[in-house]
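Each chain, letter by letter, is given below.
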Amino acid sequence: MSADRALSELPGVGPQLAGRLAGLGLVRESDLLFHLPLRFEDRTRLTPLNQVRPGTGVQVEGRIVHRDIRYGRTRMLVATLADDTGQISLRLFRFYPSQLKLFSEGQRLRCFGEVRLSPGGLEMAHPQCQSLKDGESPPLPDSLTPVYPTTQGLGQARLAGMIAATLSRLKSGQLDLVELLPEDHPAIGLRDALTVIHSPPPGEDLEALTEGHHPAVQRLALEELLAHHLALARVNRARAQQRAPALSDPHGKVAQLLAALPFRPTGAQLRVIEEIRADLSREMPMRRLLQGDVGSGKTVVAAAALVTATAAGHQAAIVAPTEILAEQHFRTLSEYLAPLGIEPVWLAGKVQGRARTEALERLAGDAAVAIGTHALFQKAVAFRELALVIVDEQHRFGVHQRLALADKGRKGTHQPHQLVMTATPIPRTLAMTAYAGLDVSVIDELPPGRKPVTTVAASQQRRGEVIERLVRALREKRQAYWVCPLIEESEVLEAEAAETRSQELARQLTEFRVGLIHGRMKPADKQAVMAAFSAGEIHLLVATTVIEVGVDVPNASLMIIENAERLGLSQLHQLRGRVGRGSDQAACVLLYKPPLGETARARLEVMRETTDGFVIAEKDLQLRGPGEVLGTRQTGALRFRIADLTRDEALLDRVEQLADRVDGQQARQLIERWIGPAEQFVDVG
Ligand code: ADP
Ligand code: MG
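Everything numeric in this text was worked out from a predicted model, so none of it was measured.

What counts, and at which threshold
Along each chain, residue indices are assigned from 1 in the same order as the chain's sequence is written. Note on labels: chains are lettered from A, ligands numbered from 1, in written order. Side-chain atom pairs in this predicted model are given and counted only at pLDDT of 80 or more, local residue features only at pLDDT of at least 70, and totals for whole chains, interfaces and linings cover all residues. Calculated side-chain values reflect all of the structure's heavy atoms, with hydrogen atoms and water omitted. Pairing between two strands requires that DSSP report at least two bridges joining them. Helical segments are the DSSP runs of H or I of at least four residues, strand segments are the runs of E of at least two, and each set is numbered from the N terminus. Each axis is a line fitted through C-alpha atoms, and for a helix only the stretch in contact is used; angles between axes span 0 to 180 degrees, taken between their N-to-C directions. We call two residues contacting when some pair of their heavy atoms lies within 4.5 Å. Salt bridges are counted wherever a side-chain nitrogen of Lys or Arg sits within 4 Å of a carboxyl oxygen of Asp or Glu. For each residue, the accessible area found with a 1.4 Å probe, counting protein chains only, is set against the maximum for its type, and the residue is called buried under 20%, exposed over 50%, and partly exposed in between.

A. Looking closely at the sheet that holds strand β18 (residues 514–517). Spatial ordering of the open sheet is given by β16-β21-β20-β17-β19-β18, a layout of six strands whose pairing is parallel. Because the sheet does not close on itself, it has two edges, and the strands there are β16 (454–459) and β18. Each strand of the sheet is rotated relative to its neighbour by a mean of 20 degrees, with strand direction disregarded. Of the pairings in the sheet, the one linking strand β20 (residues 556–561) to strand β21 (residues 587–592) comprises four bridges and is parallel in character. Bridging from a neighbouring strand, I560 pairs with V589 of β21. Where helix α18 (residues 569–576) meets the sheet, it contacts β16, β17 (479–483), β20 and β21, and its direction lies at approximately 150 degrees from that of β20.

This is how it looks when you write it as structure tokens:
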């Protein structure tokens with residue numbers, strides 16, 4: 001018996017190979033076994049050449065009866081392989097001298113490859129061949145051959161060999177991988193599951209294996225989900241030990257704030273404000289996720305939380321992912337908070353020199369509220385008594401940044417309360433896992449008088465009509481956005497495209513003022529443009545996707561999005577959410593470049609059919625998969641090896657039942673096996 005070893009300790013695994021394996025997430029021996037095949041090849045049989053059919057992968061054995069080298073643009077090798085029943089062509093579009101020998105006349109070969117029909121008859125391109133001595137016919141494997149996802153510099157044969165060796169060590173008992181699911185659970189055992197997955201017998205349901213519906217794969221997914229569930233439960237227990245300052249609002253400042261607003265808060269806003277008030281009044285740190293569709297009025301809720309937190313002399317901060325959004329918060333919240341005599345401190349990367357020194361002094365001194373970008377996370381920033389951190393549109397932040405801000409308020413065992421606001425509605429399956437450490441509040445009601453944005457999709461050939469429509473809207477004193485999204489993965493090109501478009505539109509629309517905003521402009525210039533647009537001095541704002549998040553100009557009621565086929569659903573939804581904030585009927589035109597691919601067509605269809613953020617998020621999940629929906633590339637959360645939340649949703653109930661039945665030791669081992677010792681994935685906040 002031996003425990004799970006690090007792969008770098010295995011004989012023959014040098015630092016370079018270990019590095020490549022680690023790139024695939026393979027660090028320990030057991031990881032090899034959780035690396036699942038992409039597909040399988042059937043090498044258990046030999047197919048007589050007269051029974052070979054096009055479109056299938058087959059294994060054949062025969063003798064080279066003819067070989068030809070053809071000279072065209074490149075050299076090509078074509079050989080004819082024959083057995084007693086028939087023959088087939090083998091074609092190599094490029095080859096090495098060693099292969100010349102392998103394919104020489106008279107040579108006996110065993111070949112595996114995909115068969116296709118060419119003008120000259122059946123052929124295999126680039127078959128995998130093994131040379132055989134006369135009379136020799138090595139035994140055939142009795143299970144199917146797995147093909148694994150691999151990486152540059154790590155050959156399929158090498159990786160498959162390592163996995164096969166580990167599997168046989170498991171089967172012989174040399175590698176000890178203990179069963180961690182409770183004994184009587186109805187799933188298939190770990191060792192059996194791994195054996196079927198890596199060496200399925202002929203006749204096994206291969207589609208179920210590769211798609212993951214097979215009981216063996218489901219069993220692993222169940223274990224993995226259980227491990228994540230247990231890890232989060234552990235985090236929640238740790239959180240219950242933490243302390244935070246209990247905050248209250250004895251003089252009714254929140255009521256004062258709400259009374260001074262130019263509108264009446266919706267029932268949903270009031271309910272959520274109350275939920276947050278209750279959290280803040282406890283000595284346990286709040287960890288709350290506030291979900292509210294675009295335009296649902298999260299800013300007022302944030303203001304109420306800031307006021308509650310600072311009523312008794314503590315400090316509170318709100319952080320946004322982009323400077324434009326942070327500035328907008330600064331403007332709006334400064335207005336909301338002014339009647340209470342609160343003057344927020346502004347801090348962003350571009351605040352330098354005297355302004356910065358002053359801001360830092362106020363934060364260390366008597367300032368109540370700080371508003372800014374990630375600049376608030378910097379080392380040099382010290383708060384006097386930070387008691388609440390609000391993060392807007394949090395999935396754009398990395399976990400580490402978020403932790404850094406929490407650290408700012410850490411005093412001994414005391415932590416600041418945290419509120420995370422997101423406009424990306426999170427489907428139930430994701431909320432249960434990625435955000436399982438958080439309590440959730442939902443603003444499920446839009447301010448009164450909003451009419452859903454009407455949405456049309458139009459081919460860019462109909463641009464002329466779209467411009468006429470734009471002119472009509474502008475003449476009615478409405479304002480509009482024209483968005484030019486990413487041309488390629490380049491902010492520079494995106495900015496250039498927007499610049500060109502704004503010049504072009506300015507020439508066409510001489511009676512109106514056309515503004516431009518993109519990510520590469522100086523913050524002061526961006527701010528000036530946004531202010532002019534808010535004030536109605538700019539009629540049409542040409543923008544890159546920088547306006548995607550949070551920008552709020554209620555008089556803007558027409559949104560035109562170019563190259564809409566390139567954007568994801570949640571991005572389109574965010575962009576569209578910039579209009580329909582006032583009482584005018586708003587419209588959104590999705591300009592696309594034909595022909596439309598299948599996914600793009602489906603996305604535009606969804607956008608035309610619904611404005612409900614939850615429906616859109618569910619569709620997004622179906623079309624893209626969970627990692628993308630949450631933007632977890634950035635946060636590093638939610639990386640499953642085997643489980644797939646869309647596919648495995650049905651397992652979640654069983655995960656909860658099993659969680660009650662594993663003991664502490666099993667829980668530790670499960671977390672160790674699937675997540676590793678560091679638990680760095682978990683968002684402890
Ligand atoms: P979110 O951040 O959730 O997308 P905002 O907080 O920016 O939404 O609010 C969107 C718009 O709705 C703003 O113009 C805001 O002034 C307005 N608003 C917010 N709450 C209400 C309300 N209860 N009644 C009317 N208008 C509201
Ligand atoms: Mg907002």
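Past the structure itself, the notes keep going.
B. Seen up close, the environment of P182. Secondary-structure assignment places P182 in the loop between α4 (156–171) and α5 (190–198). With 479 residues separating them in the primary sequence, P182 and R661 have C-alpha atoms 6.9 Å apart. With near-sequence residues (within four places) excluded, P182 lies in contact with L658, R661 and V662.

C. Quick look at the sheet that holds strand β14 (residues 417–422). Taken in spatial order, the seven strands of this open sheet run β11-β12-β10-β13-β14-β9-β15, and their pairing is parallel. Strand pairing shows two members of the sheet lacking a second neighbour, β11 (345–347) and β15 (439–443), which therefore form its edges. Ignoring which end each strand starts from, the neighbouring axes of this sheet average 20 degrees apart. Across five bridges, strand β13 (residues 386–392) lies against β14 in parallel orientation. Pairing of L388 across the sheet is with H417, part of β14.

D. Up close: the pattern of salt bridges. Taken as a whole and judged by the stated rule, the model has 31 salt bridges. Here E672 makes a salt bridge to R28, at a shortest N to O gap of 3.7 Å. Note that E672 is positioned in helix α24 (residues 664–674) and R28 in the loop between α1 (15–23) and α2 (29–33), a separation of 644 residues in sequence. For E672, a relative accessible area of 36% translates into the label partly exposed.

Honestly, it's all geometry; don't read function into it.
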